[in-house]
Every structure is written in C-alpha cells, then in structure tokens.
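# Report on the structure
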Amino acid sequence: MGQKKDLTGSEKSKIVRYLAEGCSSLKIANLLKRDHRTIKRFIQNSQQGRKKRVENPRRKITAHKLRKVKRAAAKMPLATGLAIFQSCNITGVPKSTRCAILRDMAKVRKAERRPPLNKTHKLKRQDWAKKYLKTDFSKVLWTDEMRVSLDGPDGWARGWIGKGQRAPVRLRRQQGGGGVLVWAGIIKDELVGPFRVEDGVKLNSQSYCQFLEDTFFKQWYRKKSASFKKNMIFMQDNAPSHASKYSTAWLARKGIKEEKLMTWPPCSPDLNPIENLWSIIKCEIYKEGKQYTSLNSVWEAVVAAARNVDGEQIKTLTESMDGRLLSVLAKKGGYIGR
C-alpha cells in the first residue's frame, strides 16, 4: 500500500477556515476527501501550540567595557542606558542587551527628595548629635506638620488591571485638589493629636503660637503633671514660624525655654522620628490609590489612620534616636536615611 500524501498548504488553510466556521473534523474530512485520522492528527498537533522560540544568546561585551559601563552608571545615576553606553563610546549594542547588562549591576529607582547638605550643615548635625548623645529621649516630644491632599502625594496611582477590564478613572486636579495641614507630636509611646490647622490659615509666628495654645496646650499639655512638664523637652524644626523670636519668646513664657526647647540642626528631616509616622499615615489613607472629594473626608481618614497606630509602633520610632545619633556621627554629619 502506497504512502499517503501529506496535507498541502492549501488544505491546511481550508481546515483552519472550516474549523472557524464550526465544522467538525469528520465533516472537514468529507469536504476535502481525506482520511478522517489525517485531519484529526493535524488539528491535535496545531492545538499543542508552537514550539518555544529559542532566544539568541545575549551579545557579550568585553570585561574592560563592562567595567567602563559600571563606572559610568555610578557617575550618571539618572541617565538612560543609551546615554551610559554612549559615554563609554560603546555603540552597536541593542537596547535589550543594554538593559540586560545594566540589570545585572543596577536597579531602576526614583531620585530621593531631600534638602542639600553643605559643610556647615554637616558640622551642625554632628554638634547636635554630640550634645544630645546622653539625652533620655523618652522625655522628648517630637513635633511636626504634614499637609495631606485629596489626591495623594503624587496625584496618580498605578496597579494591576485584569485583562478585559478598563482602568479606573482618577480625578485630576491642580495642587492635588487642595489639602489639610495637620500637626502632631509623639513622645515615648504616646501620640499627641493629630490637630487640624484651620483651612485658609497661613502659619506665621502669631498664628502658630495661637494654634499651639488652642490645641496642644489646652487639650493635652495642661493635663500633665508638674513633674512631667519639668522634664519634658519640646522639639520643633527650624520653620520660620517655629524659630522666630516671637515664637521663642512665647514658648519661654509657657515655661519651654533653654534646655527644655531642643535646638535643631538645619536640613534634618531624617533625624525626626515623626516623619516616619507621617509615612505610616499616608500609606494608610492613600492605599489602593484612594482619592477624596472633600477636605473633611481626608481629615477623617487621617484621624482614623492615627487611631490605628499603636503605642508599640510609636515607641519603636522614639527609641530609634540613639541609633540615629550614632549614625550621624559615623557618617560625619551626612544623611542617615529614615
């Protein structure tokens, strides 16, 4: 018995077309006048899918050029892969190879946003660390303000969207839709506040002191014992409304002066543990890309998130100060991260 002929290209095309029209394998065999088993075998082989394409091996570059790329990447941390390779006079390398080489030695990250430190700043940070190295930080009240907007820190969000689903619509508003200014403090394992600054109020020296009088002093500080007030150290950063002569004199009349008012080094948000608290609260109120439609709703979210911060979390932040001071000294006044 002679060998059966293989399906021609034309027959294979017809089989695909007939399948798309809903024909069975038996009907297709009758239409093409071919053996049913031949048609069925072709359909089964087609459904197994194509064989995985063997990718070409990555184009290699010499060890000397690789070292040049690594040095260039260190000197140009925000440059594109193409710019890094061009600075090394390495041409003809495809984009996929450039990215693969750079992934082996680097990672794409956002630039960190923080104030610049000059030599004077670093010296003052070291002096501050030496001055407070033996301080009992459980008696220090760390304070700061935070602004929260309706749309979140970036005003946008990204995430996993299922196939066939449309991406949710996000509001796009100037300045994140406006925001609320929040003040709070932490001491030992206790959260003071948060307190909301009245909408539309710009914090200058006078309004800042009046705000502290109406919130911090009347609602929290006056309830404390005399021994607590005697030992408490008040920390605030060097914002103009905080460090002005008016505010300093006003706090002095309240008994917060000299050693009870902590001196603060310039450009040092990394040394204030309450900055970590703000990060915890923002992660909670903006999780899953949440947005808000009113200032009251975002304020309520801040209050709810603050309630969920337990004493152990706050204690972890305040007890981190000894390590932060040692890190500042070890880095000769440089940033320590948070």
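Our subject is the structure listed above.
Keep in mind that what you see is a predicted model, and the values were worked out from it rather than measured. Every chain is numbered on its own, with residues counted from 1 as its sequence reads. The predicted nature of this model means local features are confined to residues of pLDDT at least 70 and side-chain atom pairs, given and counted, to a pLDDT of 80 or more, with totals for whole chains, interfaces and linings taken over all residues. Side-chain calculation: all heavy atoms of the structure are included, whereas hydrogens and water are not.

Moving on: the overall build of the protein. Secondary structure elements follow DSSP: runs of H or I no shorter than four residues count as helices, runs of E no shorter than two count as strands, and numbering proceeds from the N terminus. Scanning the protein for helices and strands turns up 15 helices and four strands. In the protein, which comprises 338 residues, the proportion classed as buried is 38%. Only heavy atoms matter for contacts: two residues are in contact if any of them lie within 4.5 Å across the pair. Counting contacts in the protein only where the partners sit at least 6 residues apart, residues at least 24 apart contribute 75% of the total. Type-normalised accessible area, obtained with a 1.4 Å probe on protein chains alone, sets the label of each residue: buried when under 20%, exposed when over 50%, and partly exposed for intermediate values.

The next point concerns the pairing of strand β1 (residues 140-149). Burial of β1 is extensive: nine of the ten residues sit out of reach of the surface. One ladder, built from three bridges, connects β1 with strand β4 (residues 233-235); its direction is parallel. Within the sheet, the bridge partner assigned to L141 lies in β4 and is F234. Think of it this way: DSSP has to see at least two bridges between two strands before they count as a pair. In the sheet, β1 pairs with strand β2 (residues 179-187) via eight bridges, with the strands oriented antiparallel.

Residues belong to a common nonpolar core when they are buried Ala, Val, Leu, Ile, Met, Phe, Trp, Tyr or Cys residues joined through side-chain atoms within 4.5 Å. Among the nonpolar cores identified, the biggest contains 40 residues, and W128, W142, V148, M262, I281 and I285 are the most heavily contacted of them. Within the residue set of this core, elements represented by two or more residues are α7 (119-131), β1, β2, β4, α12 (274-285), α13 (295-307), α14 (311-318) and α15 (321-330). The biggest single contributor to this core is α13, with seven residues. Listed in part, the 22 residues of the second largest apolar core include F211, F216, F234 and L261.

Helices that pack against each other are described as a pair by the angle of their axes relative to one another and the distance between those axes. All axes are obtained by fitting lines to C-alpha atoms, using only the stretch in contact for helices, and the reported angles, taken between N-to-C directions, cover 0 to 180 degrees. Closest axis-to-axis distance for the helix α8 (residues 205-219)/helix α11 (residues 245-253) pair is 8 Å, and the angle between their directions is 30°. Here α8 is positioned roughly parallel relative to α11, judged by the angle of their axes. You can see that α8 and α11 cross each other, and the crossing is right-handed. Together, S205, Q206, Y208, C209, L212, E213 and F217 of α8 and Y246, S247, W250 and L251 of α11 make up the contact between the two elements. Three categories are distinguished: nonpolar for Ala, Val, Leu, Ile, Met, Phe, Trp, Tyr, Cys and Pro, charged for Asp, Glu, Lys and Arg, and polar for the others, with Gly belonging to the last. For the contact of α8 with α11, the class distribution of residues is seven nonpolar, three polar and one charged. Small angles under 35 degrees read as roughly parallel and large ones over 145 as roughly antiparallel, with 65 to 115 read as roughly perpendicular and the rest as oblique. Each crossing is labelled by how the near helix is turned from the far one, with a counterclockwise turn of less than a right angle marking it left-handed and a clockwise turn marking it right-handed.

This part is about the packing of aromatic side chains. Centre distance within 6.5 Å is the pairing criterion for rings of Phe, Tyr and Trp, where only the six-membered ring of Trp is used; planes under 30 degrees apart are then read as stacked, over 60 as edge-to-face, and the remainder as tilted. Considering all chains together, one arrives at 15 aromatic pairs under this definition. Consider the rings of W128 and Y132, whose centres lie 5.7 Å apart with planes at 45°: the pair is tilted. Grouping residues by exposure puts W128 and Y132 together as buried. Pairing Y286 with Y292 gives two aromatic rings, centres 6.3 Å apart and planes at 70°, and the pair type is edge-to-face. A relative accessible area of 11% means that Y286 is categorised as buried. In textbook terms, an aromatic cluster arises when at least three aromatic residues are bridged by ring pairs, as seen for W183, F195, F211, F216, F217, W220, Y221, F228, F234 and W250. A cation over an aromatic ring shows up here: R125 above the ring of Y335, its NZ or CZ 5.1 Å from the ring centre. The ring centre of F228 lies 5.4 Å from the NZ or CZ of K224, which sits over that ring. Charge-over-ring contacts are defined here by two conditions on Lys NZ or Arg CZ: a distance within 6 Å of the ring centre and an angle within 35 degrees of the ring normal.

Salt bridge, as used here: a side-chain nitrogen of Lys or Arg that lies within 4 Å of a carboxyl oxygen of Asp or Glu. This model, assessed by the stated rule, comprises eight salt bridges. The partner of D199 in a salt bridge is R196, with the nearest N and O atoms 2.8 Å apart. Overall, the relative accessible area of 22% leaves R196 in the partly exposed class. A salt bridge links E213 to K254, with the nearest nitrogen and oxygen atoms 2.4 Å apart. Of this pair, E213 sits in helix α8 while K254 sits in the loop between α11 and α12, placing them 41 residues apart in sequence.

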